[in-house]
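Chain residues, written in single-letter form:
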Amino acid sequence: MFPQTRMRRLRYGKLKDMVRENTLTVNDLIYPFFVDETTDKKIDVASMPGVSRWPLAQAVDAAREAYDLGIPAVLIFGIPKTKDAEGKSAYGDDDVVQAAVRAIKAEFGKDLIVITDLCMCEYTDHGHCGIVNFETHDVVNDLTLPILGKIAVSHAKAGADIVAPSGMMDGMIEAIRSALDENGFENTPIMSYSSKYASVFYGPFRDAADSGFCFGDRSEYQMDPANSDEAIRETELDVLEGADMLMVKPGMPYLDIVYRIKQEFGLPLAVYQVSGEYAMIKAAAANGWLDEEKAFYEACLSMKRAGADMIITYYAKELAMILAEK
Ligand code: PBG
């Protein structure tokens, strides 16, 4: 008790550095970026200042920016030339993600981990994450699974180090694991977007990836923001189906979920600081209301404190620079 105990004793200078419980390092960071097959010039994403869609011919340049800063991994999203109801442009050997991965792996080999977002919503003209029954306006789970398997195999064939399914279909990890194994990719890990919430914070991403939907929303397959026990069940199934790494998405509004998932499963855990979280800090900083660098640093450090091992953030390059100066 006070006055014998004084918490402030340890809050000075170097001593404070010595007793720090959590740290953010460049090895925690994953840099996500968009490769766009419809353009030959970089396009700025208006709702995400500092984020661009990169033409396919510059995919290697995008990856190099992260690599040069010591960031160990990138996460690739594709914007295809053509879209249809079945997302056929998601799994061709020469489609956008496959071509980008091949080029990046040819350049950096084992020195840069390439993760691919594995979903149909950027490749379907209706914008949903699976096959749609247009009479019932339902996303048909079991018809979607074999396609996810096909996409996974095409990514692995192109050289992806990790596939990251984000569609929240039931049984998707099992389907993808089997497809990978049957095709000789038993060593390709799966990073499951295991607790992905139906969040308003994905708003800017839908501009960035051109993946808005023509009817409904994703609340019938993504999780209800009101639920926490459900995240445990959802994650447990993914673990049983063979997920190697887990994810919580979004990040900051869901740190309680990050904490619970890490405590419960102890698997490597990524947290996704999503487009809306990025846009909020950027907008506040642009108005002079927040210190941008400190706000991103604190937000990401908080994810580590909650239990994250990896942080997917559009601010990864800037953070890497900030960390190099610390
Ligand atoms: C695709 C996908 C989305 C995001 C990552 N993968 C969009 C969505 O589910 O609506 C969102 C990422 C972000 O907001 O930064 N399924």
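Definitions and cut-offs
Residues numbered from 1 in each chain as written. Predicted model: local features only at pLDDT ≥ 70, side-chain atom pairs only at ≥ 80, totals over all residues. Heavy atoms only, no water. UniProt positions renumbered as here; feature names shortened; annotations may be inferred. 1 Å grid on protein atoms, 1.4 Å probe; cavity = no way out; pocket = protein on both sides within 12 Å on 5 of 7 lines; lining within 4 Å. Helix = DSSP H or I, 4+ residues; strand = E, 2+ residues; numbered from the N terminus. Contact = heavy atoms within 4.5 Å. Polar contact = N/O pair within 3.5 Å; in protein donor to acceptor, adjacent residues only side chain to side chain. Buried < 20%, exposed > 50% of the residue type's maximum accessible area, 1.4 Å probe, protein only. Pairing = 2+ DSSP bridges. Near = heavy atom within 4 Å. Areas by Shrake-Rupley, 256 points an atom, 1.4 Å probe, with all protein chains shown as cover. Sits in = over half its atoms within 2 Å of the grid points. Core = buried A, V, L, I, M, F, W, Y, C linked by side-chain atoms within 4.5 Å. Points joined across faces, edges and corners; volume = space filled by probe spheres on them.

- Under an unreviewed UniProt entry, the name given to the chain is Delta-aminolevulinic acid dehydratase, and the source organism is Methanimicrococcus blatticola.
- As stated in UniProt under Catalytic activity (unreviewed entry), the record for the chain gives "2 5-aminolevulinate = porphobilinogen + 2 H2O + H(+)".
- UniProt, in its Pathway (unreviewed entry) section for the chain, records the words "Porphyrin-containing compound metabolism; protoporphyrin-IX biosynthesis; coproporphyrinogen-III from 5-aminolevulinate: step 1/4."

### Let's talk about the UniProt feature "binding site: 5-aminolevulinate 1" (unreviewed entry) in the chain
At step 1: If you check UniProt for "binding site: 5-aminolevulinate 1" (unreviewed entry), the listed places come out as Arg 206 and Arg 218 in our numbering. Those annotated residues that line the largest cavity are Arg 206 and Arg 218.
At step 2: Along the chain, the position of Arg 206 falls in helix H6 (residues 203-208).
At step 3: Relative to the assigned elements, Arg 218 resides in the loop between H6 and helix H7 (229-241).
At step 4: When residues no more than four places from it in sequence are discounted, the contact partners of Arg 218 are Cys 121, Gly 127, Cys 129, Ala 198, Arg 206, Ser 211 and Phe 213.
At step 5: Within polar-contact distance, the side chain of Arg 218 engages the backbone oxygen of Gly 127 at 2.6 Å.

### Description of the pairing of strand S1 (residues 29-36)
At step 1: Within S1, 8 of the 8 residues are buried, leaving the element largely enclosed by the surrounding structure.
At step 2: Neither face of S1 is open: one carries Leu 29, Tyr 31, Phe 33 and Val 35, the other Ile 30, Pro 32, Phe 34 and Asp 36, and all of them are buried.
At step 3: In the sheet, S1 pairs with strand S12 (residues 310-313) via 2 bridges, with the strands oriented parallel. Within S12, the position partnered with Leu 29 by the bridge is Ile 311.
At step 4: The pairing of S1 with strand S4 (residues 73-79) spans 7 bridges and is classified as parallel.

### Focus on the site of the ligand
At step 1: Taken together, 17 residues sit near the ligand, with Lys 196, Arg 206, Arg 218, Lys 249 and Tyr 314 positioned nearest.
At step 2: At 2.4 Å, a side-chain N or O of Arg 206 approaches an oxygen atom of the ligand.
At step 3: Arg 218 is positioned such that a nitrogen or oxygen atom in its side chain is 2.3 Å from an oxygen atom of the ligand.
At step 4: Contact with the protein chains hides 100% of the accessible area of the ligand, taken as 390 Å² for the molecule alone.
At step 5: Spatially, the ligand is embedded in the largest cavity.

### Brief notes about the nonpolar core
At step 1: Phe 33, Ile 104 and Met 191 are the most contacted members of the largest nonpolar core, which has 112 residues in total.
At step 2: Residues in contact with Phe 33, not counting those within four places in the same chain, are Trp 54, Ala 59, Ala 62, Ala 63, Val 74, Leu 75, Ile 76, Phe 77 and Ile 104.

### Focus: empty space enclosed by the protein
At step 1: Tallying each qualifying case throughout the model produces 1 cavity of 30 Å³ or more.
At step 2: Roughly 140 Å³ of internal volume is contained in the largest cavity.
At step 3: Around the largest cavity, the lining is made up of 18 residues, and of these Lys 196, Tyr 202, Phe 205, Arg 218 and Lys 249 lie nearest the centre.

### Details of the pairing of strand S8 (residues 162-165)
At step 1: The alternating pattern of S8 places Ile 162 and Ala 164 and Val 163 and Pro 165 on opposite faces, both of which are buried.
At step 2: Across 4 bridges, the pairing between strand S5 (residues 113-118) and S8 is parallel. Looking across to S8, one finds that Thr 116 is bridged to Val 163.

### Quick notes on the UniProt feature "binding site: Mg(2+)" (unreviewed entry) in the chain
At step 1: Taking the UniProt record as the reference, the feature "binding site: Mg(2+)" (unreviewed entry) is found at Glu 234.
At step 2: Residue classification places Glu 234 among the buried residues on the basis of a relative accessible area of 16%.

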